[in-house]
Each structure stands twice: as C-alpha cells, then as structure tokens.
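# Coordinates in review
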Amino acid sequence: MQKILTGNQSAAWGAMCARAQVVSAYPITPQTTIIEELADIVAKGLLDAQFIKVESEHSAMAGCIGAQAAGARTFTATSAQGLALMHEMLHWAALARLPVVMANVNRAMAPGWSIWTDQNDSLAQRDTGWLQYYCESNQEVLDTVIQGYKVAEIVNLPVMLVLDAFFLSHTYEAVDIPGQERTSEYLPPYKPSIYLDVDDPHAFGGIVPQDIYMEFRYKMQVAMNEALEAAEQADRDFKTMFGRGYGLIEPYRLEGADYVLATSGTVTSTARSVIDDLRDKGHSIGLLKMKLLRPFPVELVRGVLAGRKRVAVLDRDICVGMGGIWTQEIRNALYHLPEDQRPSVYGYIVGLGGRDVKPETIEKIALDVQKRPIEEGEQVWIGLKE
Amino acid sequence: MLELRFHSRGGQGGVIAGKLLAVAVFKEDRYVQSFPTFGVERRAAPVMAFVRIDDKPIRIRTQIYNPDHIIILDQSLFNMLDVTQGLKKGGTILINTEKKPADFDFGPDYKVVTVDASAIAVKHGLGSVTQPIVNTSILGAVAKVLKIVKIESVVAAIEEDVPAKQEANAAAAREAYEVAQP
C-alpha cells in the first residue's frame, strides 16, 4: 500500500508494521506527530499495543526498558532536549542489552531555542551503546524502523534511527507501507531467551564487581562487531523481500573520483543532484552517503575512500573544541591506510540550527575542497554571517 | 520540476491543501513533495505550504525560494506580506477573493486569476462565513487554472484523505473548478 506520509508518520507506520507491543512516549516538537500518529494507529486497533503516556522522556525510555525486559517489543521517539533528558536511560537500555527501537528527530540543542534540524542531539549520544542509523527519505525512515528491530533483536542492542526535523519529519511524500503480514515474514515475533518471568526467575541489574565488569563491556563490543554483519544481512534480506536496500554506507558516482563529499541525512539527497551536475561538467568528484554511525563501518569506509585525493565531510553538527563529528569519525577510520592511499580529510560545518543546505552550498564545498590547502581544511564554516 | 507556494492563515487549511494536492498528483503516478512552513503553527498567523511536482524522483530537500506559481487563500495577507517574493517571471497568482483580476496590480511579469473560494466553501457548509475552510475549493481552482492535476484526482484525494464532509468538500472543489476562469 502506498500512501502520502510525512517522515514522522513513516516512523509510526514502521512501528505499526513491526508490531511494536509497547509504546512509551512523551511529545516534543518536531517529534510530536510520530506519537500522535501512533496513538491514532493504536486507538483504531491497527496495532495491538499498550500506549503508555509518561511525564518525561526519562520515563519514556524507562517505560521501554521495563517493557522490553518483560519480553515486549517496544518503540519510542524523541528529539533534542528530550533525548538529552533520556541520556541516563539510554546507557541503561544498551548496557542491559535491551533491543529497544527509537526514532530521534534531529533538532538543534538549546539555548538558543531552536526547533530546527541539526545532528548534535543524536551525535552526543554516540557513546551510549546504541546503534545509530541516519535516514535520507521517508521511505528509508519506515524501512529502517523495520530493519532496526531485525538487527537489534539479533545482537541485543538498542537502535536509534535518525531523521531531519522538517526536511523529513513534516514533509509529505509517497511511501510504501509493507503491512504487518508481509513484515512479519521478515521480522518474526520478539522472543528473548531471558526476560522477567515469574516461572523462570533470573536476577536483573545486580551489582557487578570489578572482576567481571570488563567482560560485560567486552561482550557489548563483540555484539557491536556482530551488528555490522547483522545490519548488512538485514539490509540484503530486506531488499530481497521488499525490493529496497540502503547499505551501511552508499557510494554514489564514485567511479574514478579523486574528490569525495561525505554526507548524512537529507543533505545526501540534495547532494546527489549537485554531484550529477558536477560530473557532467567534468569534475572528478563523487558522493559517499553515511548511514550507520554505530557500529562505524570502518572497513567499508576505508575501502571506498582508499586512493582518493581529498574527502570533504559535511557536518551538520559541531563538537565544539574539536570540529565536525563525522569528520573525526571518517578521518579516524582512514588512519591506518598506507600514506600514498590515504586521502586528506576536510571538515565543513554546514546547516546548524536548521539553516538550509542548498545545492549552491554543496557545490561551493565541492569546488572549495579541490583547491583549499590542507592546513586550512580542519574546520571550514560555510555561509557564516560577518 | 514545478514548485508551488500556498499562503494562508493557520486554521484555513493551507497545509492540508498542500497535502491533498500531493495525494492528487501521486494518484497520477507523478512524484511529489509537500511541506509546511518550518515553524511553530498558530491559528490565524500567516503560514505557507509548499509543493514540488516532477516526472522523476525529487531529490532536492531544501525550502522553496522561487516558486513557479503562488496560491493565496486569504487576501488580508496582502497587507502584511510581500506574497510575490521570489515568484518566477510568468508565474500565476491565484487568489481567493470576490474581486476581479483587474483589481490587482502585480506588474506585467505575472498573471492574476481570482476565484471566490470563500463563498463556494460557505455555500457547501465548510466552515463559517467569518471562517470558511477554503482549501478544497481552492484546489478545484488550482486544477483548472494551473492545469497541473486533473479535477478527478483532486476529488479522489478529498474522498480518500479528508476526515469529514467528503461530499461537501468534493462538491466545493468541483464548483470552483467550474467557475474559475484561467
């Protein structure tokens, strides 16, 4: 069934197709319509789920953690300050190895108050042990919710899928909804091996002394490593069944390209047409779409970028005191390439607080990276007012 | 690619007009993207909605700065906004008003078309005299004047997507389609 949906509705319909059993959520602009749509879906009986209204995002995630520990598939969504308030519970969900799935609508952090998109909210949660997927279209949002459950429940780690405020969250476009029946062929019911069960009691959340805590963390690292393969497999299987696949990263028109733009979120979509134009004009430049932040697909990124001259990373975020976060991640992945294979990595800061990243902006960066000396390429702010 | 901008006030249905147009265009197997002003919606405040239509997938994901045509649901907005800002030369300005096109002067670069969508909406019981819901009427005029979508597709979108008074909304769209003079 194809429908005209916003990105937020697409996230809700993804949870509906995946048969989430508990939705525990608190509204925040620009995420609110995810929760409204899900409330409507549950009220109409299209999804057999408990809808828990809570008093804060911290409680929203706590609700998911409790329900997931009891063996239910859970879903929630948030944005910006809401995600920040969840921070403690994000660690808890991951370290308790609970495969919660959450949509985060990227919104710039306050102050100054903003409801518009940038990625600092989700990127600041990079180290909580969640998988993070960044989406480019409404269809990708819906599909990533479904794939997210598949991967999360294999590796027992939570998944956050991320969509841009307004550019996806409030934008209508055509989306294919596979429905519960077809989705259940891809995604079987959630059956954890251990859960809160009075007939089969286990201890949860006990104190872990110094001599075994490290092993718990190591197991998470192993699970994250396995998540790379699980995510690739989940995407391949999804493509086989539904005809759509995304990869963990996506090289676009990179054949023989000396220069590469690396993008995430909706900037990728706009950048595709810019790259097409530049290729037609004879520029040796292509695009690398970054979809998965955690686990970071180090080998894939290294393989695609080895031998290129320069990479321009477009960061809709800023780690103040260091630079763009994607820039750091990508540069880190390339460090062990032999020197003659290792491209220079330039960091471009764009579109913070929802400032539009227009085709002209992207073209400017694509031309700039071809001539800028590397010593001036650490942190280039694009379109700053004087 | 064709780009449109709707001007209205919060509560008049301008954003839903953009969505319904997207549904109608999608029914004709074309690609479409529709979004509201990126902001905090308030009743009676000026709001905008935007629509992109193309025969191939739409990859650009930015705001719309230079629309091909604009549609104005509330003529009182002329007093507070430069509604033609960024409008491409040769563009059409479709206005919900009881006035005639000759009553407006936007210069030689634009074509003005008027339709009394408020009267049509009230006649079909959509909203009230002071607060008519004009989005479905104006879409009938859009189908006629801009020729970007068939009236049958608009009616089908209304029947499928409008939560109440589908018949009255569809009739209003048809009537506006009949009376609008491109």
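Residues numbered from 1 in each chain as written. Chains lettered and ligands numbered in written order. Predicted model: local features only at pLDDT ≥ 70, side-chain atom pairs only at ≥ 80, totals over all residues. Heavy atoms only, no water.

### Re helix H3 (residues 135–145) of chain B
Residue and element names in this part refer to chain B. Counted residue by residue, H3 has 10 buried out of 11 residues, so it is predominantly covered. Buried within H3 we find Asn 135, Thr 136, Ser 137, Ile 138, Leu 139, Gly 140, Ala 141, Val 142, Ala 143 and Val 145. Once H3 ends, the next one or two residues include Lys 147, with phi positive near 55°. (Buried < 20%, exposed > 50% of the residue type's maximum accessible area, 1.4 Å probe, protein only. Helix = DSSP H or I, 4+ residues; strand = E, 2+ residues; numbered from the N terminus.)

### Things to note about the interface of chain B and chain A
The interface is formed by 18 residues belonging to chain B together with 25 residues belonging to chain A. Between chain B and chain A, roughly 2,000 Å² of surface is buried when both sides are summed, and carbon and sulfur atoms account for 61% of that area. Together, Phe 38, Arg 59 and Arg 61 of chain B form the three largest contributors to the area buried by chain B at its contact with chain A, with a combined 40%. At the surface where chain B touches chain A, the tally comes to 11 residue pairs in polar contact (both at pLDDT 80 or more). At the level of elements, helix H1 (14–27) and strand S2 (31–36) of chain B are the ones that each hand at least two residues to the side of chain B that touches chain A. (Contact = heavy atoms within 4.5 Å. Buried area = accessible area lost by both parts, 1.4 Å probe. Polar contact = N/O pair within 3.5 Å; in protein donor to acceptor, adjacent residues only side chain to side chain.)

### Observations regarding the domain arrangement of chain A
Residues and elements named next belong to chain A. Partitioning chain A into structural domains gives domain 1 (2–242) and domain 2 (249–381). One C-alpha centre belongs to domain 1, the other to domain 2, and the line joining them spans 28 Å. Of the residues lining the interface, 25 residues belong to domain 1; the matching set on domain 2 comes to 28 residues. Overall, the association of domain 1 and domain 2 removes approximately 2,300 Å² of surface from exposure, summing both partners, and the carbon and sulfur fraction of that is 56%. Considering only the surface of domain 1 that becomes buried against domain 2, Leu 123, Arg 126 and Glu 136 emerge as the three largest contributors, covering 28% of it. Seen at the junction of domain 1 and domain 2, the total is 6 salt bridges. With its nearest N and O atoms 2.8 Å apart, the salt bridge here joins Glu 329 to Arg 126. (Domains from an automatic or database assignment. Salt bridge = Lys/Arg side-chain N within 4 Å of Asp/Glu carboxyl O.)

### A few points about unusual backbone geometry
As a rule of thumb, non-glycine residues mostly have phi less than zero, and peptide bonds are mostly trans rather than cis. All names here are of chain A. Here the residue pair Thr 29 and Pro 30 is connected by a cis peptide bond, since its omega of 0° sits within 30 degrees of zero. Following the sequence through the fold, Pro 30 ends up in the loop between strand S2 (22–25) and helix H2 (32–43). A cis geometry characterises the amide bond from Arg 294 onward to Pro 295, with omega recorded as -5°. Considering the arrangement of structural elements, one finds Pro 295 in the loop between strand S12 (292–294) and helix H11 (298–305).

### Quick word on the sheet that holds strand S1 (residues 2–5) of chain A
Strand order across the open sheet formed by 8 strands is S1(A)-S8(A)-S2(B)-S3(B)-S1(B)-S4(B)-S5(B)-S6(B), with mixed pairing between neighbours. Whereas interior strands pair on both sides, the edge strands pair on one side only; in this sheet they are S1 of chain A together with strand S6 (111–115) of chain B. On average, each strand axis in the sheet is tilted by 25° relative to the strand beside it, whichever way the strands run. Note that strand S5 (residues 92–96) of chain B and S6 of chain B share 5 bridges and pair parallel. (Pairing = 2+ DSSP bridges. Axes fitted to C-alpha atoms, helices over the stretch in contact; angles between N-to-C directions.)

### Describing the side chain of Gln 125 of chain A
As for its position among the elements, Gln 125 of chain A is in the loop between helix H6 (120–123) and strand S6 (131–134). On the basis of relative accessibility, which here comes to 4%, the residue Gln 125 of chain A falls in the buried class.

### Considering the pairing of strand S4 (residues 69–72) of chain B
Residues and elements named next belong to chain B. Residues of S4 alternate between two faces, with His 69 and Ile 71 on one and Ile 70 and Ile 72 on the opposite face, all of them buried. For strand S1 (residues 2–9) and S4, the ladder comprises 4 bridges, and the chain directions are parallel. Looking across to S4, one finds that Phe 6 is bridged to Ile 71. Pairing analysis gives 3 bridges linking S4 to S5, with the strands arranged parallel. Note on S5: the bridge partner recorded for Ile 70 is Ile 93.

### A few points about the pattern of salt bridges
A complete count under the given rule lists 30 salt bridges over all chains for this structure. Its salt-bridge partner being Lys 56 of chain B, residue Asp 54 of chain B comes within 3.5 Å of it at the nearest N-O pair. A residue is classified by how much of its surface remains accessible, and Lys 56 of chain B, at 52% relative accessible area, is exposed. Ionic contacts of the salt-bridge type, sharing partners, join the residues Glu 136, Glu 140, Glu 250, Arg 272, Lys 289 and Lys 291 of chain A into one network.

### Focus: the sheet that holds strand S9 (residues 249–252) of chain A
Residues and elements named next belong to chain A. As summarised here, the arrangement of the 6 strands in space is S9-S11-S10-S13-S14-S15, forming an open sheet in which the pairing is mixed. Two strands lie at the open edges of the sheet, namely S9 and strand S15 (380–381), each paired on one side alone. Pairing between strand S10 (residues 259–263) and strand S11 (residues 285–290): 5 bridges, direction parallel. Across the sheet, Tyr 259 pairs through a bridge with Ile 285, a residue of S11.

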